[in-house]
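Spelled out from the first residue to the last, the chains are:
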Amino acid sequence: MFIQTLPHENEDRMKFLPGRQVLAEGSILFENEKEGRERSPLAARLFDIPGVRSVELGEDYVTIVKRTDAEHKTLWIQLKPMVLAAIMDHYMSGMPVLNGEPQSARASYSEEEQKIVDSIVELIDTRVQPQLREDGGDVAFKSFDPADGVVVLEMDSSGLSTPAFGTQIKIENTLKHFVPEIHRVRFERMVEEVAEDTSDRPGLKSDEADQIRVLLETRINPAIAAHGGYITLIDIKDNTAFVEMAGGCQGCGMADATLKQGVEVEIKSAVPVIERVLDVTDHAGGANPYYVGY
């Protein structure tokens with residue numbers, strides 16, 4: 001779930017776009033907390049947040065006006081994460097936006113399938129989420145497809161100090177170890193994440209960079225995930241793609257063969273403008289020489 005935010009010319013107001021339907025039509029403004037709690041489970045969650053003065057629900061948005069009185073004067077830097085979490089929790093709960101609307105099914109799971117789901121949720125709550133939050137991230141269960149064994153998790157990796165893909169490998173391996181019915185774990189973004197500063201690497205903003213990133217995430221990284229490795233695009237310059245190999249690939253004696261015989265071949269085939277793929281990883285020390293004097 002990717003929640004976008006739009007500031008307003010009135011700095012006390014902010015619009016949140018959850019990327020899915022909020023109301024079927026029209027809009028409803030709750031300036032009275034009691035009315036909001038009685039009519040809308042979503043508004044009730046939002047009014048639980050100290051500093052929320054009013055809630056407006058539209059077809060594809062939620063607008064929050066924060067309180068400015070001395071007792072509850074709150075900055076958006078404090079309030080925004082709590083609003084994002086409340087919207088996320090509401091949609092994860094399956095509750096209707098307005099009372100009287102049909103509640104989303106907890107999921108049309110059979111009794112046995114529900115036991116699997118319960119096991120997944122318990123693992124996330126007790127093993128995965130505490131460690132991830134300690135590292136600066138967060139994760140939540142979204143769905144499980146019993147037909148193909150795919151679990152969908154929503155993940156906030158904006159605060160992680162390590163690349164998200166490596167963390168995702170660990171999470172997937174943990175879930176698959178304890179729940180053999182899981183064949184694959186797919187990750188979606190939980191909230192709007194802070195974009196990496198790439199102002200000094202214009203090659204990362206090109207169409208070729210987007211194509212390579214999609215290739216890495218959909219074909220290459222899943223293939224090497226079994227060995228605990230992952231590859232990140234660092235830059236593109238002069239028809240050369242610079243990549244970094246990390247996790248199980250860093251320091252591996254087969255890293256060069258993996259790059260030349262596998263990764264480079266796939267990238268050049270998918271993005272013909274790329275003539276070379278260079279590994280900028282220091283496999284001995286873990287430092288990245290690309291950033292030194294380049």
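What you see is a predicted model; the values in this text were computed from it and never measured. In this numbering scheme, every chain counts its residues from 1 along its sequence in written order. Totals for whole chains, interfaces and linings use every residue, but because this is a predicted model, local features are given only for residues with pLDDT of at least 70 and side-chain atom pairs only at 80 or more, for both listing and counting. Only hydrogens and water are set aside when side-chain values are computed; all heavy atoms of the structure are taken into account.

What about the overall build of the protein?
Stage number 1. Labels follow the DSSP assignment, with helices taken as runs of H or I lasting at least four residues and strands as runs of E lasting at least two, numbered in each case from the N terminus. Within the protein, the regular secondary structure consists of seven helices and 11 strands.
Stage number 2. Residue burial in the protein is summarised as follows: out of 294 residues, 43% are buried.
Stage number 3. By definition in these notes, contact holds between two residues if any of their heavy atoms fall within 4.5 Å. Long-range contacts, defined here as pairs at least 24 residues apart, represent 59% of the contacts in the protein between residues at least 6 apart. Between buried and exposed lies partly exposed: a residue is buried under 20% and exposed over 50% of the maximum accessible area for its type, with that area taken using a 1.4 Å probe on protein chains only.

Some remarks on the nonpolar core
Stage number 1. Buried residues of nine kinds, namely Ala, Val, Leu, Ile, Met, Phe, Trp, Tyr and Cys, make up a nonpolar core once their side-chain atoms join them within 4.5 Å. In terms of nonpolar packing, the biggest core is built from 26 residues, with Phe16, Leu46, Val55, Leu57, Val62 and Ile64 touching the most fellow members.
Stage number 2. For this core, the secondary structure elements donating two or more residues are strand 2 (13-17), strand 3 (28-30), helix 2 (41-47), strand 4 (52-57), strand 5 (62-66) and helix 3 (76-93).
Stage number 3. Grouped together as the second largest cluster of nonpolar side chains are 19 residues, Val117, Leu123, Val151 and Val179 included.

What about the side chain of Thr63?
Stage number 1. Considering the arrangement of structural elements, one finds Thr63 in strand 5.
Stage number 2. Setting aside chain neighbours within four positions, we find Thr63 in contact with Arg13, Met14, Lys15, Ser54, Val55 and Glu56.

Things to note about the confidence of the model for the protein
Do not read the predicted coordinates in detail wherever pLDDT is low.
Stage number 1. pLDDT measures the predictor's confidence residue by residue and takes values from 0 up to 100. Scored by pLDDT, the protein comes out at a mean of 78, with 76% of its residues at no less than 70.
Stage number 2. Across residues 103-107 the pLDDT falls below 50, and counting only partners more than four positions away or on other chains, this stretch makes six contacts in the model.
Stage number 3. Ignoring residues within four places in sequence, the model shows residues 191-196, a span with pLDDT below 50, making 17 contacts including any to other chains.

As for unusual backbone geometry
It is generally the case that most residues other than glycine have a negative phi and that most peptide bonds are trans.
Stage number 1. Located in the positive-phi region is Asp238, a residue other than glycine, with phi close to 55°.
Stage number 2. Here Asp238 lies in the loop between strand 9 (229-237) and strand 10 (240-247).
Stage number 3. Asp238 gets classed as exposed once you look at its relative accessible area, which sits at 65%.
Stage number 4. In this structure, Asn239 is a non-glycine residue whose phi angle is positive, near 60°.
Stage number 5. Among the structural elements, Asn239 can be located in the loop between strand 9 and strand 10.

Overview of the environment of Lys268
Stage number 1. Along the polypeptide, Lys268 turns up in helix 7 (residues 255-270).
Stage number 2. A relative accessible area of 35% places Lys268 in the partly exposed class.
Stage number 3. What Lys268 contacts, discounting residues up to four positions off in sequence, is Ile274 and Glu275.

As for the pairing of strand 2
Stage number 1. At least two bridges found by DSSP between two strands are what make those strands a pair. With four bridges connecting them, strand 1 (residues 4-7) and strand 2 associate as antiparallel partners. Bridge pairing links Pro7 to Met14 in strand 2.
Stage number 2. Remark: five residues form the turn of the hairpin made by strand 1 and strand 2, two consecutive strands paired antiparallel.
Stage number 3. Where strand 2 and strand 5 come together, four bridges link them in antiparallel fashion. The residue of strand 5 that forms the bridge with Phe16 is Val62.

Remarks on the sheet that holds strand 3
Stage number 1. A sheet is described by the order of its strands in space; here five strands give the open sequence 1-2-5-4-3, paired in antiparallel fashion. The strands lining the two open edges of the sheet, one partner per strand, are strand 1 and strand 3. Each strand of the sheet is rotated relative to its neighbour by a mean of 20°, with strand direction disregarded.
Stage number 2. Where strand 4 meets strand 5, five bridges bridge the pair, whose relative direction is antiparallel. The residue bridging Glu56 from the neighbouring strand is Thr63, located in strand 5.
Stage number 3. To obtain an axis, a line is fitted to C-alpha atoms, over the contacting stretch when the element is a helix, and the angle between two such axes runs from 0 to 180 degrees between their N-to-C directions. Relative to strand 2, helix 3 is tilted by about 30°, and along the sheet it contacts strand 1, strand 2, strand 4 and strand 5.

Regarding helix 3
Stage number 1. Over its 18 residues, helix 3 runs 25 Å from end to end, which matches the ideal 26 Å to within 8%, given 1.5 Å per residue.
Stage number 2. Trp76, Leu79, Val83, Leu84, Ala86, Ile87, Met88, His90 and Tyr91 are the residues of helix 3 that are buried.
Stage number 3. Contacts made by the buried residues of helix 3 are with strand 1, strand 2, helix 2, strand 4, strand 5 and strand 7 (150-156).
Stage number 4. The first or second residue beyond helix 3 is Gly94, which carries a positive phi of 80°. Under the convention used throughout, the expected extent of a helix is 1.5 Å for every residue step, that is, one less than its residue count.

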